Amino acid sequence: MPPVIVAIDGPSGSGKSSVSKGVATRLGFEYLDTGAMYRAVTWWALDNRVSTEEIAGRLGECAIISGTDPEAPFVTVNAVDVSEAIRSPEVTAAVSRYSAIPEVRTMLVEMQREAAGNAGTGLVAEGRDLGTVVFPNANLKVYLTADVQARAQRRAAENAERGHDADVADAHESLSARDAADSGRAVSPLQIAPDAVEVDATFMTLPEVIDHVTKLALEHS
């Protein structure tokens, strides 16, 4: 039997990571944070001063490994663990630019599909183009969203935990800009797949969202 694929898309700050890890743990599935892969490429480019114009020709220098254990996910670049470094404000500010490059997306989509093929029982993957591009035949497609103000409050809290800027207004501005960039890019824009189940988590607790998506996944397995 091929692995069951649960694809969770949505804008930044909607809770995709926490929900996806929770659902994967409940189901005994593997977990893939595709956004972390784009952040890893961005981190590598910034660290090596590789411009958006140069990166297509230098991607062979960037070896990414993404751990799929929902209890202990990680991402490495050239054997260096960058799981925390990729969450820096600098990477956050630049990731949309590097993510929009066709060659970057082609490389990472191939890696994401390979991870799904090796997932055993199943995979819960989170991102922005999974249901529309990467896994068009996923067993379940979820579009997880929330009001931008609620997302800004969550993102500010996450930033505070990491010792970064925790201003809600700044987070609101950053998320709004990221939404516009992700939805407006020419290659694989953020959009809701026609057959996706939309889940608005604005007024739901994290356990409630995990319960809801887990139930949907069981119904579609």
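This text goes with the structure placed above it.
Per chain, residues are indexed from 1 in the order of the written sequence. Only residues with pLDDT of at least 70 get local features here, since the model is predicted, and only at 80 or more are side-chain atom pairs given and counted; chain-wide, interface and lining totals rely on the full set of residues. Excluding hydrogens and water, the side-chain values take into account all heavy atoms of the structure.

A separate point is the overall build of the protein. Counting from the N terminus, the helices are DSSP H or I runs at least four residues long and the strands are E runs at least two residues long. Each helix and strand counted, the protein has eight helices and eight strands in total. Every radius of gyration here is taken over C-alpha atoms, with the globule rule written as 2.2 Å times N^0.38, N being the number of residues. Relative to its length of 221 residues, the protein is compact, with a C-alpha radius of gyration of 16 Å against a globular reference of 17 Å. C-alpha extents for the protein along the principal axes are approximately 45 × 40 × 30 Å. Burial here depends on accessible area, computed with a 1.4 Å probe over protein chains only, as a share of the maximum for the residue type. Under 20% is buried, over 50% is exposed, and the range in between is partly exposed. Here the protein holds 221 residues, and 51% of them are scored as buried.

What follows deals with the packing of helix 2 (residues 34-47) against helix 3 (residues 89-99). Axes here refer to lines fitted to C-alpha atoms; in helices the fit is confined to the stretch in contact. Angles between the N-to-C directions go from 0 to 180 degrees. Look at helix 2 against helix 3: their axes get within 8 Å of each other, and the N-to-C directions meet at 105°. As far as their axial angle goes, helix 3 and helix 2 are roughly perpendicular. Contact residues: Tyr38, Arg39, Thr42, Trp43, Ala45 and Leu46 in helix 2; Glu90, Val91, Thr92, Ala94, Val95, Tyr98 and Ser99 in helix 3. Ten residue types, Ala, Val, Leu, Ile, Met, Phe, Trp, Tyr, Cys and Pro, are classed as nonpolar, four, Asp, Glu, Lys and Arg, as charged, and the remainder, Gly among them, as polar. Of the residues belonging to the contact of helix 2 with helix 3, the class tally is eight nonpolar, three polar and two charged. The scheme is simple: roughly parallel for angles under 35 degrees, roughly antiparallel for over 145, roughly perpendicular for 65 to 115, oblique for anything else. Here a residue-residue contact requires only that any non-hydrogen atoms of the pair lie within 4.5 Å.

Buried residues dominate strand 1 (residues 4-9), accounting for six of its six residues. Burial along strand 1 is two-sided: Val4, Val6 and Ile8 and Ile5, Ala7 and Asp9, pointing in opposite directions, are all buried. Being paired, for any two strands, means DSSP has found at least two bridges between them. Judged from the six bridges that link them, strand 1 and strand 6 (residues 122-127) form a sheet pairing that is parallel. Counterpart to valine 4 in the pairing with strand 6 is glycine 122. The pairing of strand 1 with strand 7 (residues 140-145) spans four bridges and is classified as parallel. Bridge pairing links valine 6 to leucine 140 in strand 7.

Let us now look at the sheet that holds strand 3 (residues 64-66). Pairing is antiparallel across the open sheet formed by three strands, whose spatial order is 3-4-5. Sheet topology places strand 3 and strand 5 (80-81) at the edges, where each strand pairs with a single neighbour. Across the sheet, helix 2 lies against strand 3 and strand 4 (75-77), angled at about 30° from strand 4, the strand it touches most.

Bringing the sheet that holds strand 2 (residues 30-33) into the picture now. Paired through backbone hydrogen bonds, the strands of a sheet run either parallel or antiparallel to each other. Spatially, the five strands line up as an open sheet ordered 2-6-1-7-8, and their pairing is parallel. Of all the strands in the sheet, the pair left with one neighbour each is strand 2 and strand 8 (197-200). Between one strand axis and the next, the sheet turns through 20° on average, direction left out of account. Contacting strand 1, strand 2, strand 6 and strand 7, helix 1 (residues 16-27) runs over the sheet at an angle of about 175° to strand 6. Sitting on the sheet, helix 2 is in contact with strand 2 and strand 6, with an inclination near 40° to strand 2.

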